[in-house]
Amino acid sequence: MKRLIWIAALAVALFSTLAVVETLKSDEPFSATGLALDLFEAGVLALAVVATAFASLEIRDMRRERIDLLNDLARARVEGERWRTTARVHLDGLSRAILEQFRAWRLSEGEADVAVLMLKGLSHKEIARLREAGEATVRQQAASVYRKSGLASRAELAAFFLEDLFAPDSERGATPARAMRLVDSRD
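Predicted model, so just to flag it, every value in this text is computed and none were measured.

This part is about the pattern of salt bridges. Enumeration according to the criterion identifies seven salt bridges in this entry. Across the pair glutamate 81 and arginine 84 runs a salt bridge, and its minimum N-O distance is 3.4 Å. Of the two residues, glutamate 81 and arginine 84 are both situated in helix α2 (residues 32–104); the distance of three residues between them amounts to about one turn of the helix. The exposure class of glutamate 81 is partly exposed, given its relative accessible area of 43%.

In structure tokens form, the structure reads like this:
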């Protein structure tokens, strides 16, 4: 903002000086009205210069911000790809283990699809839309997953697969099992 005030003050001073010099150089007789009109014209030109300077500064700042955002996005993509690459073996192993557990529970293909999508956090409505099935069918398949697995809810289904993924935190003495007991004790 200070920069804008300085630019405005400088522009007004320069254009006013030009208007006075032009009036003094003119062959026409001096009049207060002529000087006032010249000063008004100089003021309008000064405002145009200030507005242009301000717009240029804003555009420059927006370009810098855009470049920073694009660089941040590129870094995040690289980091995400690096994480996916290093975790791929583990993720593939987890996926196989989940599918093996689904087979052990004797889930049908449709039930396994619904279970995977529930683990990904999709609602029954979203799963129905994605699978091009009725929401009632998805709810029925979800209930069948719970019945066959012996679990009572989506949270228990997620916990079944995620509980042992988290290593014990020796500093606080928290383990996934202890964390689950803490959660259960709140209920």
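This part takes up unusual backbone geometry. Look at arginine 106: it is not a glycine, yet its phi comes out positive at around 60°. Checked against the element boundaries, arginine 106 lands in the loop between α2 and α3 (109–119). The class of arginine 106 is exposed, set by a relative accessible area of 66%. Non-glycine residue glutamate 132 carries a positive phi angle of around 55°. Residue placement: glutamate 132 occurs in the loop between α4 (124–131) and α5 (135–149). The exposure class assigned to glutamate 132 is exposed, which follows from its relative accessible area of 75%.

With that out of the way, let us pick up the nonpolar core. Phe102, Trp105, Met118 and Leu157 are the most contacted members of the largest nonpolar core, which has 18 residues in total. Those elements giving two or more residues to this core turn out to be α2, α3, α4, α5 and α6 (154–162). Residue contributions to this core peak at five residues, all from α3. In contact with tryptophan 105, not counting residues within four places along its chain, are Lys148, Ser149, Leu151, Leu157, Phe160 and Phe161.

Overall, the predicted model of the protein chain reaches an average pLDDT of 83, with 86% of residues at or above 70. The secondary-structure element of the protein chain with the lowest mean pLDDT is helix α7 (residues 176–186), recorded at 52, while α5 shows the highest, at 96.

The next point concerns the environment of valine 138. Following the sequence through the fold, valine 138 ends up in helix α5. Counting along the chain gives 15 residues from valine 138 to serine 123, while the straight-line C-alpha distance between them is 9.7 Å. Ignoring sequence-local partners within four residues, the contact set of valine 138 consists of Val114, His124, Ile127 and Ala128.

Size it by volume and the largest pocket reaches roughly 320 Å³. Lining of the largest pocket is provided by Leu91, Leu94, Ser95, Ile98, Leu99, Val116, Leu119, Lys120, Ala158, Phe161 and Leu162. Partitioning the lining of the largest pocket into residue classes produces nine nonpolar, one polar and one charged.

So, about the side chain of glutamine 141. Along the chain, glutamine 141 turns up in helix α5. The exposure class of glutamine 141 is buried, given its relative accessible area of 16%. In terms of polar contacts, glutamine 141 uses its side chain to reach the side chain of arginine 131, at 2.9 Å. Those residues in contact with glutamine 141 that lie beyond four places of it in its chain are Gly110, Glu111, Val114 and Arg131.

Reading the values: the criteria
- Residues numbered from 1 in each chain as written.
- Predicted model: local features only at pLDDT ≥ 70, side-chain atom pairs only at ≥ 80, totals over all residues.
- Heavy atoms only, no water.
- Salt bridge = Lys/Arg side-chain N within 4 Å of Asp/Glu carboxyl O.
- Helix = DSSP H or I, 4+ residues; strand = E, 2+ residues; numbered from the N terminus.
- Buried < 20%, exposed > 50% of the residue type's maximum accessible area, 1.4 Å probe, protein only.
- Core = buried A, V, L, I, M, F, W, Y, C linked by side-chain atoms within 4.5 Å.
- Contact = heavy atoms within 4.5 Å.
- pLDDT = per-residue confidence, 0-100.
- 1 Å grid on protein atoms, 1.4 Å probe; cavity = no way out; pocket = protein on both sides within 12 Å on 5 of 7 lines; lining within 4 Å.
- Points joined across faces, edges and corners; volume = space filled by probe spheres on them.
- Nonpolar A, V, L, I, M, F, W, Y, C, P; charged D, E, K, R; others polar.
- Polar contact = N/O pair within 3.5 Å; in protein donor to acceptor, adjacent residues only side chain to side chain.

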